[in-house]
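Fold and contact review
Read off the chains here:
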Amino acid sequence: PEWMKEEAELIRKESNTDVNISRQHYLRWDVSSTPTLLEDAGFIADFSMGFASGSGYRAMTFTPFYYFDLKNNKAGNILFVPFTAIDGAYFVYSKQST
């Protein structure tokens, strides 16, 4: 948790910008811990909700929604903004050309 806060503060300081949105690598994103870590570090939105190797609705919706912490049975303050596809799903995994 402290590492996430330190990294967030460092990027805010170095960029002289109030960075408050996140996009995590799919291997690093964990539904049980990442949203809480992001919220504690001052983030308000996350754009990580999607699939790396294909298209589709990982959260069964394309509409932004607020995180709900099932473990603690409480609403969170992180807005999830789902995406439907990324270029790597087609160019890397499916070996498709433009």
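Our subject is the structure that appears above.
Residues numbered from 1 in each chain as written. Predicted model: local features only at pLDDT ≥ 70, side-chain atom pairs only at ≥ 80, totals over all residues. Heavy atoms only, no water.

Turning to the sheet that holds strand β4 (residues 74-80), a few remarks are in order. If you walk across this open sheet you meet the four strands as β1-β2-β4-β3, and the pairing is mixed. A strand with exactly one partner marks an edge of an open sheet, and here the two such strands are β1 (21-22) and β3 (65-69). Examined bridge by bridge, β1 and strand β2 (residues 45-46) share two bridges and lie parallel to one another. If you follow I21 over to β2, its bridge partner there is A45. (Pairing = 2+ DSSP bridges. Helix = DSSP H or I, 4+ residues; strand = E, 2+ residues; numbered from the N terminus.)

Another point: unusual backbone geometry. Generally, phi is negative for residues other than glycine and the peptide bonds are trans, each holding for most cases. With a phi angle near 55 degrees, N16 is a residue other than glycine that sits in the positive phi range. Following the sequence through the fold, N16 ends up in the loop between α1 (2-15) and β1. Residue N16 is classed as exposed on the basis of its relative accessible area, which comes to 71%. In this structure, M60 is a non-glycine residue whose phi angle is positive, near 65 degrees. (Buried < 20%, exposed > 50% of the residue type's maximum accessible area, 1.4 Å probe, protein only.)

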